[in-house]
Amino acid sequence: MATTTETEKRIVELEEATVRFCGDSGDGMQLAGTQLTNTSAMFGNDVATFPDYPAEIRAPRGTKAGVSGFQIHFAARDIFTPGDRVDALVAMNPAALVTNLSDLVRGGILIANANAFDKKGLQQAGYEANPLEDDSLESYQLFNVEMTKLTRAAVKGTGLSTKESDRCRNFFAMGLIYWLYDRPLDPTLRYIEEKFGKRPAIAEANRNALVAGYNYGDTTEAFISQYQIPKAKLAAGTYRNVTGNQALAWGLIAASKLSNIEIFFGSYPITPASDILHEITKHKNFGVRTFQAEDEIAAITSTIGAAFGGAMAVTCSSGPGIALKGEALGLAVILELPMIIINVQRGGPSTGLPTKTEQSDLFQAFYGRNGECPLPVIAASCPADCFDVAQEAWRIATKFMTPVMILSDGYIANGAEPWKIPEIDDLKPISVEYAKSPKNGEPFLPYSRDENLARPWAIPGTPGLAHRIGGLEKDALTGNVSYDADNHQYMCELRAKKIAKIAEDVPAQSVDGPTSGKLLILSWGGTYGACSTAASQVRHQGGDVAHTHLRYLYPLPENLGKLLGQYDTVLIPELNLGQLRTVIRSEYLVDAIGLNKLKGKPFVVAEIVEKIEELLA
Amino acid sequence: MNCPDCGFSNIEGVDECDQCQQPLSPLTLSEPASELERSILTDRIDALNPREPLVVEPGAPVSLVLQLLVAHAVGCAVVVEDGEPVGIFSERDALLRLNVDAAEHGDRPISDFMTPNPQTLDIENKIAFALQRMDAGGYRHVPIMTDGVVSGIISVRDVLNYLSEKLVAQQS
Amino acid sequence: MSTDTSALPVLTPQDFASDQDVRWCPGCGDYSILAQMKKILPATGIPREKMVFVSGIGCSSRFPYYMNTYGIHSIHGRAPAIATGLKASRPDLTVWVITGDGDGLSIGGNHLIHAIRRNLDVNIVLFNNRIYGLTKGQYSPTSPVGKVTKSTPSGAIDNPLYPLSIAIGCEGTFVARSIDTNIKHLAATLRRASEHRGTAFIEVYQNCHVFNDGAFKYATDRTTKADCVVELEHGKPLIFGANRDKGIRLNGMEPEVVELGKGITEDDLLFHDEKAAEPSLAYLLSRMRQPDFPEPIGVYRAVDRPKYDEMLNDQIVEAREKKGDGQLETLFHSGDTWSVE
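Keep in mind that what you see is a predicted model, and the values were worked out from it rather than measured.

*Asks:* How should the interface of chain A and chain B be read in this particular structure?
*Replies:* Accessible area lost upon the coming together of the parts serves often as the stated size of an interface. Counting from both sides, the interface comprises 21 residues of chain A and, opposite them, 21 residues of chain B. Carbon and sulfur atoms make up 44% of the surface buried where chain A meets chain B, a total of about 1800 Å² over both sides. On inspection of chain A and its partner chain B, the count reaches 1 salt bridge. For the salt bridge of A:Arg167 with B:Asp5, the shortest nitrogen-to-oxygen distance reads 3.1 Å. Residue assignment for the side of chain A that touches chain B shows that the elements contributing at least two residues are α1 (29-43), α6 (169-180), α7 (186-195) and α8 (200-219) of chain A. Among the elements that take part in the side of chain A that touches chain B, α1(A) stands out by supplying 3 residues, more than any other. Taken together, the residues of the side of chain A that touches chain B break down into 7 nonpolar, 7 polar and 7 charged.

*Asks:* Would you mind going over the pattern of salt bridges with me for this structure?
*Replies:* Between side chains of opposite charge, pairing is possible as soon as their charged atoms come close. By the definition in use, this model includes 45 salt bridges over all chains. Ionic pairing is found between A:Glu296 and A:Lys325, a salt bridge with its closest N-O pair at 2.7 Å. Of this pair, A:Glu296 sits in helix α11 (residues 296-308) while A:Lys325 is found in the loop between α12 (319-324) and α13 (326-335), placing the two residues 29 residues apart along the sequence. In terms of burial, A:Glu296 and A:Lys325 fall into one category: buried. The salt bridge involving C:Arg249 is made with C:Glu256; its shortest N-O contact spans 2.7 Å. We classify C:Arg249 as partly exposed; its relative accessible area is 27%.

*Asks:* It is not clear to me how the packing of aromatic side chains should be interpreted in this structure. Could you clarify?
*Replies:* Two numbers describe a pair of aromatic rings. These are the distance of the centres and the angle of the planes. Residue and element names in this part refer to chain C. Under the criterion given, the structure shown has 31 aromatic pairs over all chains. Considering the side-chain rings of phenylalanine 63 and phenylalanine 127, the 5.8 Å spacing of their centres and the 80° angle between planes classify their relative orientation as edge-to-face. Note that phenylalanine 63 is positioned in the loop between β1 (51-55) and β2 (70-73) and phenylalanine 127 in strand β4 (residues 123-128), a separation of 64 residues in sequence. Comparing phenylalanine 63 with phenylalanine 127 shows no difference in burial state: the two are buried. Connected via pairs of aromatic rings, a cluster forms that spans Trp24, Tyr31, Phe53, Phe63, Tyr66, Trp96 and Phe127. The ring of tyrosine 308 has arginine 118 sitting right over it, with the charged end atom 5.6 Å from the ring centre. Directly above the aromatic system of tyrosine 205 lies the positively charged group of arginine 130, at a separation of 5.6 Å from the ring centroid.

*Asks:* Explain helix α3 (residues 91-98) of chain B here, please?
*Replies:* The periodicity of an α-helix, 3.6 residues per turn, causes residues three or four positions apart to be oriented the same way. Residues and elements named next belong to chain B. Buried within α3 are the following residues: Asp93, Ala94 and Leu98. One side of α3 carries all its buried residues, which in axial view fall inside an arc of 105°. Of the residues in α3, the exposed ones pointing more than 90 degrees away from the buried face are Leu95 and Leu96. Contacts made by the buried residues of α3 are with α2 (62-72), β3 (84-90) and β4 (115-116). Remark: asparagine 99 follows α3 within two positions and exhibits a positive phi of approximately 50°.

*Asks:* What's the story with the interface of chain A and chain C in this structure? I'm lost.
*Replies:* Contacts between the two partners involve 69 residues from chain A and, on the opposite side, 62 residues from chain C. When the two sides are added together, the surface that chain A and chain C hide from each other amounts to roughly 5500 Å², 62% of it contributed by carbon and sulfur. Considering only the surface of chain A that becomes buried against chain C, A:Asn285, A:Glu294 and A:Arg468 emerge as the three largest contributors, covering 14% of it. The tally of links from chain A across to chain C stands at 3 salt bridges. Ionic pairing is found between C:Arg320 and A:Glu262, a salt bridge with its closest N-O pair at 2.9 Å. Going through the elements one at a time, α1, β9 (237-243), α9 (244-259), β11 (289-292), α11, α13, β16 (416-420) and β17 (468-470) of chain A are the ones with two or more residues in the side of chain A that touches chain C. No other element matches the 7 residues that α11(A) contributes to the side of chain A that touches chain C. Here the side of chain A that touches chain C is built from residues that sort into 39 nonpolar, 20 polar and 10 charged. Strand direction decides the pairing type here: β9(A) and strand β12 (residues 338-340) of chain C, joined by 3 bridges, are antiparallel. From the neighbouring strand, A:Tyr239 faces β12(C), where its bridge partner is C:Trp338.

What counts, and at which threshold
- Residues numbered from 1 in each chain as written.
- Chains lettered and ligands numbered in written order.
- Predicted model: local features only at pLDDT ≥ 70, side-chain atom pairs only at ≥ 80, totals over all residues.
- Heavy atoms only, no water.
- Contact = heavy atoms within 4.5 Å.
- Buried area = accessible area lost by both parts, 1.4 Å probe.
- Salt bridge = Lys/Arg side-chain N within 4 Å of Asp/Glu carboxyl O.
- Helix = DSSP H or I, 4+ residues; strand = E, 2+ residues; numbered from the N terminus.
- Nonpolar A, V, L, I, M, F, W, Y, C, P; charged D, E, K, R; others polar.
- Buried < 20%, exposed > 50% of the residue type's maximum accessible area, 1.4 Å probe, protein only.
- Phe/Tyr/Trp six-rings, centres within 6.5 Å; stacked < 30°, edge-to-face > 60°.
- Lys NZ or Arg CZ within 6 Å of the ring centre and 35° of its normal.
- Arc of directions from axis to C-beta.
- Pairing = 2+ DSSP bridges.

Structure (structure tokens):
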């Protein structure tokens, strides 16, 4: 709906842009952000997002604790991060401005709702003077837009009260940004019609606000330039946006269908994992039985009970909850039952930073249980990857009869990106068979093993297979409780061997860039986007750097040692104090270098590029 | 709660409407409905202009206290010992505890008939708080403390005056 | 050991004996409970491959190893939670939870409370020996004040818990008490528990003759038991004593011991009502303790309430009826999608 006007508007073509909406929790920034995301994705750009939720649940209006934000990076090419720095910041009130300004590039576009910068608002943000009126913002392209006033004017005539009119401000902000970045209005117009159909006055008001915002950009002289980001070349297909938690839930449901076993999901609410429970419990028609347990330990032990009964048993939590589950995890390992444990990592230690991202639970995943207690660990690399990782975890769990831990993090969990919807026929079935009744009344040995060292999955209700298992050490042959010295040695080594053999079953580790050379970036988990972008950026400029990203953390892929040896230096960027680095050094005697950040935020590409250039110099 | 924008019935407490994604969180915070409500939530007891209290010692004879109440035309006396409010004696106490035997008890100390350990309020407390306390406790008079010392007294009538003034201001 | 379930075989206690040597101390009350369990299980008619015994940690929790059914010997205190996951996903199974006063009321207190309040269709048997036996003699949540043990050489100072009062406080739908050596009563109580639909909670007074011998002597000794125990029977008055000449009467809201004759007849006594909707009567009975009152044994309460596992699975059925059986294609394409050519 771009209108041609008399004023000279410059059209600037850009490869990419990063926009952040921020305001009070009541300003509807999440909706604005999601709409821009969907619109850009439908337009044909690749997108990546990062929502930033407020620290407090119900902070008073206008305070810093109530600031909520949403960042969208959209581009004419494949992108993997939500953007290092913000090109355009929309600040709906002073508190939002003061908390987000530092991320805006110098010379970046700053659109502020001038009407919110009154005495009270400024005071709540800690401003002595109004920054919109002094020179403090002169290094940015500042646009003082009276959004409240303009929105109210735009929706006059729809019969809405002042309070209701103000709820349309986010649509005004959306409209303005849509003009600024030459986005089509249609998808959002359709959204308004669909969602607010039952309230025609509100639908009309939202429409008016959106168009008013758009026209404001078009007609206001202050806005000289309009930016265009062309479509990216993406693979053909049908797409949708998914967040990591959503993709995990759907991946689990897919695995359930592909293995023909119904899910039992036992969990306890904890940030940032609760949304997996919320999503998966909507799909009871897939036979998903969810159980909100009384505590974290009941969550995992109920999962163990369900696994014993033959269900696809899953539990999920975050760092502190996984710590509580330690003893039960040990029981699951020694029982050798298939199940999935999901850790959506957050800032630690202890209660830490519940709403901030980190990847500091690697040691916990590897070593956090008493005794020699090996547990396979795999990590997702981005929101869409969670869908595949969930299925892979169940495949490994059932093939090797072991619990498997999936590591995700707050950034992946809440971030969104487009996901190409797979053809159902392309999904790989996961073949699982329960043990069958013995033919000639022969006794059942619950710890007999197949070529994968996996024991049979004999579920209650199957005649002839009645057996008792428990946490005590068991005899290698009969499975009965055994305190025999040699047997214990044998069993510990056997359990370790079984898990180690998984390395033979997973794809070989591959590399982006040269297969040998000066520098290799080794990464895991949510740092995938920033690391791969940094490495390819430096390569583009002629630097000798390769990147490899681990999905399988325990056991590590068989060829990893050899791979690492092909480079002079290995750099491991991690959102912790060097946990994978410690593992790599101890496993392969490789003196890897760490780049360690613990700020509750993902890496920005520039930070990694800087370190690469330092190491290549 | 029902989303005010699209009407969808959401689970209580969600931050955004499940259907249209408009924010719901600020709607669960109560906003003062009127100027009057806002003022009782923001004004403090000093806005009621607490009066100087009539202060007596615990040993003061009943007859004296009764005379003072009449002379000062107040409804209650605060009994103070070593600077601490230890009791309160109101016209209600006179009616219920002395009654027709008032003359007989004339020489007895007021401490025998006072209500001990009176509820007090701080001058910094909000009027809304004072209102609630007076209603919950059934108090007609409450001694007011400033920096730990009895500095004034307020009565139900003072609250009535305040509310009435605000109402009139709001209506006009 | 028949493996053919097409015709229900008639099982004997031998079918439930597993090949493991029982490791309890000679003379342990657990042997008796094991024997009675083996006796009543065949009579339930449920094939043994449909039975699962889940236990935690403790002498009591060795139980599953000695039953030739499916079993899980898990970690301390967590058996009710494991049973919840098992029964919720496999409502077709018969699940017994075996626990003790330490396993169930100390570390496992939380899980026990929630299993009972959910009315999960499982049978929970709590072996109460008022001591920690397996770890060699520390005091437990049911040990009396003043109990001298290795960890409380100056005497325990905690006010003890009473398992039945807890279960009734959680509105347990079937609550009962029996005694390890009263084999007829124990068998009958186990039998009734197995028949109850919903959580069936039984406290069994169990003697640990090594670390806490004689804790329940008053209830088992021939010379004292008649005066120290009152047997509950639905619809019958509470009468006890060697000559059945004593009874329990309600005085206001308190029970009192009275002598029959001398103007007091059976009709004046408290009549037991298992089916009372409010658990107050059952709670009152659970507070009757030595030396002031005889301790009631038998079924305190047996009422019906919807069962957790049944309701959970009903929701699945309902969801399928409403939305149709889940299809991945429908799920993935729900909400906003767009196409790239």
